[in-house]
Every structure is written in structure tokens, then in C-alpha cells.
Amino acid sequence: MTMKHIRWIAFALITLLFIPMSVDAASYPTPVKVKLLPTATFLATVNGNYQLIDLKTKQTIPFTNPIAFSQTNGAVVATINGVSYTSTSGFLLDEVTRNDQHDVTIGSIQQANGTSAPVKYRGSFEITPGATAPNLFNTLDIEDYLKGVVPGEMPSSWHKEALKAQAVAARSYAYAQLKNTSFLQMTVASQVYGGKSKEQATSTAAVNETAGVYATYQNEPISAYFHSSSGGNTENSENVWSSIVPYIRSVSDPYDRHASNLHYGWNAKVAVNTVSSKFKLTNEQVVSLRVTQKTNAGSVQQMEATVYNSATGQKRIVQARPSFVSSADAFRSFFGVSLKSIAFDVKGNANIKIKRADGSEQAVDHIAGYTLQTNSGQTTIAIGNASIRTENETIYYPTAPTEFTFTGNGWGHRLGMSQWGARSMAEKGFTYDQILKYYYKGIEVKKIK
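Here is a short report on the structure shown in this document. Throughout, residues of each chain are indexed from 1 in the direction in which the sequence is written. At least 70 in pLDDT is required for a residue's local features to be given in this predicted model, at least 80 for side-chain atom pairs to be given and counted, and no such filter applies to totals for whole chains, interfaces and linings, which use all residues. Only hydrogens and water are set aside when side-chain values are computed; all heavy atoms of the structure are taken into account.

**Some details on the overall build of the chain**
Selection rule: Where helices and strands are cited, they refer to DSSP runs of H or I of at least four residues and of E of at least two residues respectively, numbered from the N terminus. Exposed residues in this analysis have more than 50% of their type's maximum accessible area, buried residues have under 20%, and partly exposed residues fall in between, with area computed by a 1.4 Å probe over protein chains only. What makes two residues a contact is simply this: any of their non-hydrogen atoms within 4.5 Å. With residues, only the protein chains shown are counted as cover, and all accessible areas are computed by Shrake-Rupley using a 1.4 Å probe.
Within the chain, the regular secondary structure consists of 9 helices and 30 strands. Residues counted as buried form 48% of the 449 residues belonging to the chain. Counting only contacts in the chain whose residues sit at least 6 apart along the sequence, the fraction spanning at least 24 positions is 67%. Per element, the accessible surface of the chain, about 21,900 Å² overall, is 50% carbon and sulfur.

**A few points about the packing of helix 4 (residues 160-177) against helix 8 (residues 419-427)**
Using the following cut-off: The convention used is that axes are lines fitted to C-alpha atoms, helices contributing only their stretch in contact, and that angles between N-to-C directions extend from 0 to 180 degrees. Here the word oblique covers every angle except those under 35 degrees (roughly parallel), over 145 (roughly antiparallel) and from 65 to 115 (roughly perpendicular). Here a crossing is called left-handed whenever its near helix is offset anticlockwise from the far helix by less than a right angle, and right-handed whenever the offset is clockwise. We call Asp, Glu, Lys and Arg charged. Ala, Val, Leu, Ile, Met, Phe, Trp, Tyr, Cys and Pro are nonpolar, and the rest, Gly among them, are polar.
Where helix 4 meets helix 8, the axes come as close as 7 Å, and the angle between the chain directions of the two elements is 140°. For the element pair helix 4 / helix 8, the angle class is oblique. The two elements helix 4 and helix 8 cross, and the hand of that crossing is right-handed. Side by side, helix 4 and helix 8 meet where Glu161, Ala162 and Gln166 of the first sit next to Gln419, Ala422, Arg423 and Ala426 of the second. In terms of residue class, the contact of helix 4 with helix 8 is made up of 3 nonpolar, 2 polar and 2 charged.

**A look at empty space enclosed by the protein**
Let me state the cut-off plainly: A pocket here means an open set of points on a 1 Å grid, computed over the protein atoms alone, that has protein on both sides within 12 Å along at least five of seven lines. A cavity is instead a set of points where a 1.4 Å probe fits but cannot get out; residues with an atom within 4 Å of a point line either one. Grid points are joined across faces, edges and corners, and a volume is the space filled by probe spheres set on the points.
Overall, the coordinates contain 1 cavity of 30 Å³ or more when judged by the stated rule. The computed volume of the largest cavity comes to approximately 50 Å³. When the residues that make up the lining of the largest cavity are grouped by side-chain class, the tally is 2 nonpolar, 3 polar and 4 charged.

**Topic: the sheet that holds strand 19 (residues 300-309)**
We apply this condition: Pairing between two strands is assigned when DSSP locates at least 2 bridges connecting them.
Pairing in this open sheet of 3 strands is antiparallel, and the strands run 18-19-20 from one edge to the other. The two strands at the open ends of the sheet, each matched to only one other strand, are strand 18 (285-294) and strand 20 (314-319). Mean inter-strand twist for the sheet, computed between neighbouring axes without regard to direction, equals 20°. In this structure, strand 18 lies alongside strand 19, joined through 8 bridges in antiparallel fashion.

**What to know about the layout of surface pockets**
Gaps left between atoms are located by rolling a probe of water-molecule size over the structure's atoms. Convention followed: Here the bounds of each domain stem from an automatic or database domain assignment.
Considering only enclosed or pocket space, the second largest pocket measures out at about 570 Å³ in volume. Those elements that place two or more of their residues in the lining of the second largest pocket are helix 3 (150-153), strand 16 (226-227) and helix 7 (331-334). A domain-level breakdown of the lining of the second largest pocket finds at least three residues from each of domain 2 (151-239 + 414-447) and domain 3 (265-409).

**Things to note about the sheet that holds strand 15 (residues 220-221)**
Two orientations exist for strands paired in a sheet by backbone hydrogen bonds: parallel and antiparallel. A sheet is described by the order of its strands in space; here 3 strands give the open sequence 15-14-30, paired in antiparallel fashion. The open sheet has two free edges, formed respectively by strand 15 and strand 30 (444-447), since each of these has just one partner strand. Note: strand 14 (residues 213-217) against strand 30, 4 bridges, orientation antiparallel. If you follow Thr216 over to strand 30, its bridge partner there is Glu444. Running at roughly 60° to strand 14, helix 4 makes contact with strand 14 and strand 15 of the sheet.

**Focus: the pattern of salt bridges**
Stated formally: Throughout this description, the term salt bridge denotes a Lys or Arg side-chain nitrogen within 4 Å of a carboxyl oxygen of Asp or Glu.
A full pass over the atoms with the stated rule returns 19 salt bridges. Between Lys147 and Asp144 there is a salt bridge; the shortest N-O distance is 3.1 Å. Taken together, the positions of Lys147 and Asp144, both in helix 2 (residues 142-147) and 3 residues apart, correspond to about one turn of that helix. Take Lys147 and Asp144: they sit in the same class, and that class is buried. A salt bridge links Arg316 to Glu284; the nearest nitrogen and oxygen atoms lie 2.8 Å apart. Of this pair, Arg316 sits in strand 20 while Glu284 sits in the loop between helix 6 (272-278) and strand 18, and the two are 32 residues apart along the sequence. Given the relative accessible area of 22%, Glu284 is considered partly exposed.

In C-alpha cells, the structure reads:
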């Protein structure tokens with residue numbers, strides 16, 4: 001071989017090293033992009049055929065496990081065996097060829113309980129600059145995504161037809177959401193996604209057996225909202241949020257009352273001072289809180305508070321919506337305590353039966369500001385604790401409540417499919433498509449190629 005040939009080969013090798021590489025991930029038939037929540041610095045341990053690409057230079061970077069990712073001065077830093085590579089655009093950890101055995105373990109993903117833990121994921125990854133720490137996006141096929149979603153949304157021990165209904169609902173929901181956003185969240189903000197680490201054989205079978213099947217309305221996959229427990233009825237979309245969705249209609253849901261469903265008769269307590277602060281009161285206090293409007297399905301639509309100013313003796317009525325609560329569903333978080341659903345009632349702890357001047361008796365939820373007559377015939381304005389003489393003793397009773405108790409049924413927004421209802425229907429012999437058609441009105445359940 002001549003020196004000329006050797007020089008040409010060397011030049012060709014050098015040139016190949018600097019040819020920009022494709023930044024496309026492996027070919028996923030229906031790609032889904034999910035934003036993961038790692039800690040500020042995290043490790044990636046690769047299992048399978050992957051390449052690491054600088055998104056700015058498009059150059060591949062040779063690597064061994066693990067790769068440490070962090071951020072400095074607005075740029076992502078990838079550290080491999082003590083050597084750091086910095087990119088202002090970030091990096092692509094690209095699955096070269098799609099393979100069921102491939103995965104990447106992210107060493108510290110933030111968990112719902114505030115801790116972090118290693119999680120194994122399928123697919124490819126983009127690590128891009130964030131506000132103060134790297135963003136991490138996982139791209140994979142929708143079927144592989146669902147394998148990490150279904151067991152996070154429904155117990156994998158439940159009946160297969162319920163799991164299949166959940167798989168189709170989750171597939172449809174993800175597809176519909178990605179028409180309006182470039183990525184999904186790994187939390188309940190989209191759907192709970194636990195990656196390959198979360199996968200279970202039963203839920204994976206449900207995903208595989210419904211592969212490519214969607215719930216559709218007018219030939220388009222629907223936003224298949226689902227929730228844990230309807231409390232006996234599902235709801236019309238506009239009675240929970242704002243817009244009318246034709247396939248999200250209220251249905252009676254006797255199936256939801258499964259023997260193991262504990263989301264009936266729940267209660268939550270909240271202090272009056274907390275409620276008063278939510279209504280932005282300073283020199284006044286809430287002395288009464290009432291539900292004034294419900295739907296036929298039992299969802300709270302409006303509430304009012306009676307507000308009392310002890311200095312002036314004045315009372316006024318405050319409506320919760322729309323000044324303080326933007327939608328009916330917002331009642332679940334407005335009062336400073338988490339309410340499982342908006343199918344609830346509320347009661348204060350100062351309820352009492354009084355005898356009025358005309359001799360009639362009336363049950364009231366407070367007597368703050370009322371004019372009371374003492375045994376001696378004198379009158380006084382009720383404030384603080386009232387001294388009440390019984391046959392045997394004198395007791396002191398609050399004239400206004402110190403706390404409110406909410407009691408209700410169901411868990412979640414009550415829209416679309418009840419997961420507990422789906423379980424009961426499956427156990428009673430209904431198929432997954434029958435379950436879906438019960439909870440979503442006017443839909444078709446079919447495969448989309």
C-alpha cells in the first residue's frame with residue numbers, strides 16, 4: 001500500500017469522526033415523549049445498544065457506565081470516567097435499534113413521597129438545559145409507555161378486562177393529549193408513569209392484547225378521563241370543569257359500589273380560621289358554610305359562607321364561585337384540606353336547636369350575633385361561648401363553629417371511567433369494550449393503524 005493510499009485512508013477516518021450523527025431516536029411506531037423528574041445531578045446506566053450524541057455539535061461521544069449528568073452555567077455536563085463534556089444544547093442518549101431488552105436506569109427519580117429512587121426506563125432520552133438543572137425527556141413507543149402506566153393507575157391484580165379497559169383509556173388519553181402538547185408528565189398531571197421498573201406481567205398482557213386499540217369519537221381518539229371512584233354517579237364534564245365534552249356524560253354507576261371500595265362515607269375536617277383565610281377575611285370570621293347547589297349526580301356547584309364581624313355585629317353572605325373558586329372541581333382543594341371528590345356535604349360543630357321569641361323551635365348552625373334572652377329576662381348578643389343552664393349543670397357552647405367537617409363519596413373528578421366500577425363490571429362478566437362504552441357515551445372501540 002502506498003503512502004498516498006495511507007494518507008487518503010487516514011483523511012477518510014478523520015472525516016468520518018466529524019460527520020454529524022442523526023439525532024433521531026430509534027424508530028418508534030407511535031412515539032410518546034415524557035418529561036421525567038430526576039434530581040439535579042443524576043446517573044444514567046445503559047443496558048443495550050445506545051449512542052450518546054452532543055445535540056449542539058451532533059458528534060457522538062464514546063461512553064462507559066455510568067454517565068453523570070448535571071448543569072453548570074446554563075449548559076448540560078456529561079461526565080464519563082472523570083472526563084466532562086459540556087453542551088449548551090444538551091445530549092441525546094439514543095437507542096440505536098429498538099429492542100425489548102434495552103433499558104436505561106436513571107439513578108435518582110423524584111418520588112411522590114418526596115424521596116428519590118432509581119428507575120429503569122425503555123426508549124431514548126434527551127437531556128437539555130433547564131432553569132437550574134437538566135431537563136430529562138424519555139421518548140418511546142406508546143405501547144411500551146403504557147406498560148409503565150397501567151400498573152401505576154390500576155392494581156395489576158385486578159381482573160384482566162378491567163386492566164384492558166384501563167390500557168385503552170390510557171392509550172386514548174395519551175394520544176389525545178399529545179395533539180395539544182409536545183410531551184406528557186410522569187405524574188397525575190398526565191398519567192402516572194413508572195417506567196420499566198413498574199411493569200407487571202398482567203398489566204403488560206392487557207396492553208399487548210389491546211395493542212393499537214383506542215376509544216374513539218367521530219374517528220378520533222378521545223380524552224378518556226378516568227378516576228378512582230365515582231361515588232355512585234359519574235358527571236357531565238361541564239359540571240366539573242368548564243367545557244362540554246360530548247362523550248363525557250353523567251351515568252348512574254351502581255358498579256362503583258364494590259365490596260372493597262372504601263371511598264364511601266369519607267370525611268375531612270378543617271379549622272374555621274383556615275376557611276376564613278381562604279375567603280381572605282381579616283376582621284371577620286366564617287360562622288356558617290353551606291352547599292347551596294348540586295347537580296342531579298350530587299356534585300357541588302356552589303357554596304356560600306356567612307361572615308360575621310363581631311366588632312360591628314354585621315353579617316354578610318359570600319358566594320364561593322366565581323370570586324374564590326374557579327370551577328366546581330376546585331372545591332376539592334380550596335378549603336385547605338384535600339377532599340376526595342365534589343360529592344360532599346359540610347357541617348360545622350356549633351349546630352344547635354333554639355327556641356325563638358314566637359315559641360317555635362329552629363335548628364341553626366351558629367348563633368353568633370343572635371340576640372339571646374337570659375333567665376333573668378335580660379338580652380345579650382351571642383359571641384364566643386354561650387353559657388347554657390341545663391337541669392343539672394351549666395355548660396358552655398360555642399356560638400360559632402370552630403371547625404367544619406366534610407363528608408362525601410367517591411374519589412377523583414368523577415369524569416369518564418370509574419376504575420372501581422370497571423373492576424366490578426369485569427368481575428360481573430363485562431368485556432373491556434363494554435366497560436368503555438358504558439362510561440364514555442357514543443364512542444367506538446377499535447384499532448387504529
